[in-house]
Amino acid sequence: MSTPTFVQGAKKLLIGGQWVEPGSGQYIDAINPATGERLCQIARGDAPDVDRAVAAARRAFEGPWSRFTAHERRKLLLRVHDVILDNFDELALIETLDMGAPLARTRGYKEWLSQLLQFYASQTGAGTVTASPLSIAPNFTALKHLMPVGVVGGIIPWNGPLMGLWWIYGPALATGCTAVLKPAEDASLSSLRVSELMMEAGVPDGVINVVTGYGKDVGEALAGHMGVDRVAFTGSVGTAQAIVRASAGNLKRLQLELGGKSPDIVFADADLDKAVPGASMGVFTNTGQVCVAGTRILVQRAVHDEFAQRMVAFAKTIKIGDGREPGTQIGPLISQRQLERVMHYVDIGGKEAELVHGGRRLGGELTNGFFVEPTVFANVRNNMTIAQEEIFGPVASVIPFDSAEDALQLANDTPYGLAGGVWTRDLSTAHKVSQGIRSGTVWVNCYGVIDPAVGFGGTKMSGYGWKGGKEHVESFLYPKATYINLD
Ligand code: NAD
């Protein structure tokens, strides 16, 4: 499989429709996490580059883009849909090379992305005006518009940018906003190639801009910029807190989707043939680098040991390797830093709980990549470090519980509130427990399904704001009333 020609040389910034050098003149190596080798370089943007990109986005927002009708934006989104899908194999390979997820996963998103883009194309009329007579006075009417908020800063992480960037670009194009995207320094290539293809599809200059670089240079500048009206952020809690503080200058609107320590609750009556692989892949998929990962598997005591044994047997069947190899189910972690972080938690887990599978860095032909085995700890207590802190690696904590009340008490004993799961054949248990989990998203007898038209989100310290669905589109709009005296 040959490396796409895009993956070479030094990638520039996209500002106002032009590919430009970063002001710093510096570049960062893009590393293949499966091999540790350099793929190419990305520009190291900084605050003056953000100034240029925000100015370009503002000009576009106030220029011809503001006169695009809903119909024209819909046609544009559908053209983007076609161009992206036509080039999807290349994009999936770029993503696999840059962040390690297997081709089976990156290619597998094609149909989902098609649905997502069609959903946003269907939403371009969300700003439609409604008129209503005033109830407090005769001969008056009021028009209610939903107006685009303006320039949106999108700050995204490395765990799936080929999908994650659409939560910025999709609603921005649907509503008439413009965007400055800041991909993560560890995985920027798919964002750059997608943006290049979008320009080819006819997205007007300045409507989308990309400034690559480090969080402390580019992310901070975007979060504090007086010309940015809204920031949509996905990443860690600490960064989100810095963004909230930085946003105070112009009272930016914020959308924050952060981490989790999501509970996946398996009752004794569950169909274990489905629950074991479902809950296991709820943790291990994407090498555990998933915000909604169900990393605390709460298992009713009567089946705890059987579940743990079957989970270990399942984990042994998972094929780990370079994402380009056919059959690979799990690739490497994103970086040496994440590998060290995960191994640190495995060490802690070894001291506080029972390690029943995995826990080792993989060697042999995988030595140069950042590979770690799927890891299972059993008989974990919920107050242990590995059950409380987000590891962001393929590490599962299996925690026994007795009753549904215990399960909910444990499930909610976390600062996070992103997601959760319930496995049971009992309808009443399914309803009561899924209602009782304090999180933005819950799955029953499945895990990780997300429909772009429904969406997902979090509560508590997993952030606020919704991705997908009408709420997401409306969060890129603000309401405006015009009162008219008809006399
Ligand atoms: P991070 O929050 O540091 O980075 C996410 C994005 O924010 C990146 O683009 C980064 O460059 C940018 N950023 C960093 N500092 C910034 C700042 N001060 N202002 C503005 N933007 C800034 O996350 P990370 O380093 O990529 O990963 C650390 C942890 O975050 C992970 O181990 C995991 O717990 C969590 N995480 C969560 C998600 C998720 O999807 N919810 C994704 C990635 C990471």
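In this text, all values refer to a predicted model and were calculated from it rather than measured experimentally.

Engineer: Requested: an account of the overall build of the chain, with residues and values cited.
Structural biologist: Looking only at helices and strands, the chain features 17 helices and 25 strands. Along the longest, intermediate and shortest principal axes, the C-alpha atoms of the chain span 75 × 60 × 40 Å. Out of the 487 residues belonging to the chain, those deemed buried represent 56%. Only carbon and sulfur atoms are counted for the fraction: they give 52% of the accessible area of the chain, which is about 19,200 Å². Positive and negative side-chain charges of the chain, numbering 44 and 49 respectively, have mean locations separated by a distance of 4 Å.

Engineer: Requested: an account of the pattern of salt bridges, with residues and values cited.
Structural biologist: This model, assessed by the stated rule, comprises 16 salt bridges. Here Asp322 and Arg324 are joined by a salt bridge, their closest N and O atoms 3.0 Å apart. For Arg324, a relative accessible area of 26% translates into the label partly exposed. Residues joined in a network through salt bridges with shared partners are Arg44, Lys216 and Asp217.

Engineer: With reference to specific residues and values, describe the nonpolar core.
Structural biologist: With 90 residues, the main nonpolar core has Ile84, Trp166, Leu189, Met198 and Phe307 as its most contacted residues. Counting contributing residues, this core receives three or more from each of domain 1 (10-258 + 462-483) and domain 2 (263-451). Apart from residues lying up to four places away in sequence, Met198 is in contact with Val80, Ile84, Trp166, Tyr169, Leu173, Val203 and Ile208. The next biggest cluster of nonpolar side chains, apart from the first, holds 27 residues, and it includes Ile15, Ala43, Val180 and Ala223.

Engineer: Explain the sheet that holds strand E7 (residues 140-148) to me, and be specific about the residues and the numbers.
Structural biologist: Ordered by their spatial adjacency, three strands build an open sheet running E6-E7-E25, and the pairing between neighbours is antiparallel. In this open sheet, the two edge strands, each paired with only one partner strand, are strand E6 (130-133) and strand E25 (477-485). Averaged over all adjacent pairs, the angle separating strand axes in this sheet is 25 degrees, with direction ignored.

Engineer: Quick one: what's the story with the site of the ligand, residue by residue and with numbers?
Structural biologist: Taken together, 27 residues sit near the ligand, with Trp158, Glu185, Ser236, Arg337 and Glu390 positioned nearest. In this structure, Ile156 approaches the ligand through a main-chain N or O atom, which is 2.9 Å from an oxygen atom. At 2.9 Å, a backbone N or O of Leu258 approaches a nitrogen atom of the ligand. Compared with its free state, where it exposes 800 Å², the ligand has 90% of that area covered by protein. Tallied by class, the residues present in the shell around the ligand amount to 11 nonpolar, nine polar and seven charged.

Engineer: Outline the domain arrangement of the chain, listing residues and values.
Structural biologist: According to the domain assignment, the chain consists of domain 1 (10-258 + 462-483) and domain 2 (263-451). If you average the C-alpha positions of domain 1 and of domain 2, the two centres end up 31 Å apart. Across the boundary between the two partners, domain 1 contributes 26 residues, which contact 27 residues of domain 2. Summing both partners gives a buried area of about 2,100 Å² for domain 1 against domain 2, and 58% of it is carried by carbon and sulfur. Remark: the boundary between domain 1 and domain 2 carries zero salt bridges. The interface formed by domain 1 and domain 2 includes nine residue pairs in polar contact (both at pLDDT 80 or more). Breaking the side of domain 1 that touches domain 2 down by element, the ones donating at least two residues are helix H3 (88-99) and helix H4 (103-108). In terms of residue class, the side of domain 1 that touches domain 2 is made up of 15 nonpolar, seven polar and four charged.

Engineer: Got a sec to walk through the side chain of Thr175? Specific residues and values, please.
Structural biologist: Turning to its location among the elements, Thr175 is positioned in helix H7 (residues 166-175). Separated by 2.7 Å, the side chain of Thr175 and the backbone oxygen of Pro171 make a polar contact. Every residue in contact with Thr175, bar those within four places of it in the chain, is listed here: Arg73, Pro148, Val473, Phe476 and Leu477.

Engineer: For the packing of H7 against helix H8 (residues 189-200), give the residues involved together with the corresponding values.
Structural biologist: Here H7 crosses H8 at 20 degrees, and the two axes come no closer than 12 Å. Considering their axes alone, H7 and H8 lie roughly parallel with respect to each other. The handedness of the crossing between H7 and H8 is right-handed. Together, Trp166, Tyr169 and Leu173 of H7 and Val194, Ser195 and Met198 of H8 make up the contact between the two elements.

Engineer: Run through the side chain of Asp49, naming residues and quoting values.
Structural biologist: For Asp49, the location among the structural elements is in helix H1 (residues 47-62). In contact with Asp49, other than residues within four places in its own chain, are Leu13, Ile15, Glu21, Pro22, Gly23, Arg44 and Val211.

Engineer: Explain the UniProt feature "active site" (unreviewed entry) in the chain residue by residue, including any values.
Structural biologist: Here the UniProt-annotated "active site" (unreviewed entry) positions come out as Glu257. Counting through the fold element by element, Glu257 comes out in strand E12 (residues 253-257). Sequence-distant contacts of Glu257, defined by excluding residues within four places in its chain, comprise Phe233, Thr234, Gly235, Cys291, Leu418, Phe456, Ser462 and Lys467.

About the thresholds
Residues numbered from 1 in each chain as written. Predicted model: local features only at pLDDT ≥ 70, side-chain atom pairs only at ≥ 80, totals over all residues. Heavy atoms only, no water. Helix = DSSP H or I, 4+ residues; strand = E, 2+ residues; numbered from the N terminus. Buried < 20%, exposed > 50% of the residue type's maximum accessible area, 1.4 Å probe, protein only. Areas by Shrake-Rupley, 256 points an atom, 1.4 Å probe, with all protein chains shown as cover. Lys, Arg positive; Asp, Glu negative; His and termini not counted. Charge placed at Lys NZ, Arg CZ, Asp CG, Glu CD. Salt bridge = Lys/Arg side-chain N within 4 Å of Asp/Glu carboxyl O. Core = buried A, V, L, I, M, F, W, Y, C linked by side-chain atoms within 4.5 Å. Domains from an automatic or database assignment. Contact = heavy atoms within 4.5 Å. Pairing = 2+ DSSP bridges. Axes fitted to C-alpha atoms, helices over the stretch in contact; angles between N-to-C directions. Near = heavy atom within 4 Å. Polar contact = N/O pair within 3.5 Å; in protein donor to acceptor, adjacent residues only side chain to side chain. Nonpolar A, V, L, I, M, F, W, Y, C, P; charged D, E, K, R; others polar. Buried area = accessible area lost by both parts, 1.4 Å probe. Parallel < 35°, antiparallel > 145°, perpendicular 65-115°, else oblique. Left-handed = near helix turned anticlockwise from the far one by under 90°. UniProt positions renumbered as here; feature names shortened; annotations may be inferred.

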